[in-house]
Amino acid sequence: MNLRQPTGLPAALLGVDRSLVIGVLNVTPDSFSDGGKFSTAQDAIDFGVSLHGQGADFIDVGGESTRPGAERVSVGEEQHRVLDVIAGLTAAGVPSSIDTMHASTAAAAVAAGAFLVNDVSGGLADPGMLEVIAELEVPYVVMHWRGHSTQMNSMATYGDVVAEVLQELGTQVDAALAAGVSRDAIVIDPGLGFAKEADHNWAILNHLQALNETGYPVLIGASRKRFIGSLLSASDGSVRPVDERDVATDAISALAAAAGVWAVRVHDVAGSVDAVRIGGAWRRGKS
Ligand code: PMM
């Protein structure tokens, strides 16, 4: 099927001919769907190992919540949360990535065994990030981003959201290339829910082909997000609760895989593992 892949993947992932499933492991007290879940690093490691056992290709470890309104955490606190977890996953043979906007956390996480840096600010939050990524020579997720969680809701204004996200992502990618990041290491992500209202997210999902046409592997993070909950509101108008959004997330994983994305980032791994296989067969027209 020849889905695009960044360079620098662990050997076990190189030959995988379907969209990858990334398991979310937030070691935070306040993430919107899974905050406060672990009381020790070992609990978090065990959960990551179990997600891998369910078929996650790798585990994305984050120590700073990015839910709308979230306050920043210090670099020290972030590293205290994530580094032992990454080291533990690495020791258990589970590939991991680090979800961080801090260059020093990216470097420390890679030293602890992470093979990819997932930066939801796409290089915009920490002026040192792009140089560090260029030095580390790891795959790097550049996500479309307009501002921090405390302010991003007020930044969700677009004329043509697809064109503007592509154009702004292009600027972020150009900055990464100018800093020496290899073109082949870059993954792009439209940043669903980040400075985007529900219909902005749906418009982007309706145009995944335009993201693919950039030539970069595409990552989609829709899992359990509010735009799913609001679409599936009950007749009394109440938004579908976060823990009842996994079937809908699986549907998005199938459709994203059918559109040829490189990876989906999800909380419910087992459902999306099935979903990307369905989407892959749909795309190929054969099993
Ligand atoms: N979303 C969240 C966190 N990290 N990373 C990428 N690349 N793309 C996303 O859409 C994304 C992300 C927020 O969701 P969470 O709090 O459930 O992790």
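Quick caveat, the model's predicted, so the values are computed rather than measured.

A. Local environment of the nonpolar core. Of all hydrophobic cores here, the largest spans 68 residues; its most connected members are Leu25, Val61 and Val117. Residues contacting valine 117, with those up to four places away along its chain left out, are Ile98, Thr100, Ala106, Val110, Met129, Ile133, Val138, Pro139, Tyr140 and Val141. The next biggest cluster of nonpolar side chains, apart from the first, holds 13 residues, and it includes Leu9, Phe58, Phe115 and Val187.

B. The arrangement of the UniProt feature "domain: Pterin-binding" (unreviewed entry) in the chain in detail. Here, the residues flagged by UniProt with the feature "domain: Pterin-binding" (unreviewed entry) are residues 19-277. Between the C-alpha atoms that bound residues 19-277 the distance is 8 Å, and the span itself is 41% helix and 13% strand.

C. Local environment of the pattern of salt bridges. Counting across every chain of the model gives eight salt bridges. Close ionic contact of arginine 81 with glutamate 77 constitutes a salt bridge, the shortest N to O distance being 2.9 Å. One end of the pair, arginine 81, and the other, glutamate 77, are both in helix α3 (residues 75-91), four residues apart, so they sit about a helical turn from each other. Classification of glutamate 77 by relative accessible area gives partly exposed; the value is 32%.

D. Region of interest: the packing of aromatic side chains. In the structure shown here, the tally under the stated rule is four aromatic pairs. Judged by centre distance (4.9 Å) and plane angle (75°), the rings of phenylalanine 58 and phenylalanine 115 are edge-to-face. Residue phenylalanine 58 is found in strand β2 (residues 58-62), and its partner phenylalanine 115 is found in the loop between α4 (103-112) and β4 (116-119); the two are separated by 57 residues along the sequence. For phenylalanine 115, a relative accessible area of 11% gives the class buried. Ring geometry for phenylalanine 58 against tryptophan 262: centres 6.2 Å apart, planes inclined by 35°, an arrangement best described as tilted. Taken together, the residues span a long stretch of sequence, with phenylalanine 58 in strand β2 and tryptophan 262 in the loop between α10 (246-258) and β8 (263-266) at a distance of 204 residues. Assigned by exposure class, phenylalanine 58 and tryptophan 262 land together as buried. Cluster of aromatic residues (ring-pair linked, three or more members): Phe58, Phe115 and Trp262.

Cut-offs used in this document
- Residues numbered from 1 in each chain as written.
- Predicted model: local features only at pLDDT ≥ 70, side-chain atom pairs only at ≥ 80, totals over all residues.
- Heavy atoms only, no water.
- Core = buried A, V, L, I, M, F, W, Y, C linked by side-chain atoms within 4.5 Å.
- Buried < 20%, exposed > 50% of the residue type's maximum accessible area, 1.4 Å probe, protein only.
- Contact = heavy atoms within 4.5 Å.
- UniProt positions renumbered as here; feature names shortened; annotations may be inferred.
- Helix = DSSP H or I, 4+ residues; strand = E, 2+ residues; numbered from the N terminus.
- Salt bridge = Lys/Arg side-chain N within 4 Å of Asp/Glu carboxyl O.
- Phe/Tyr/Trp six-rings, centres within 6.5 Å; stacked < 30°, edge-to-face > 60°.

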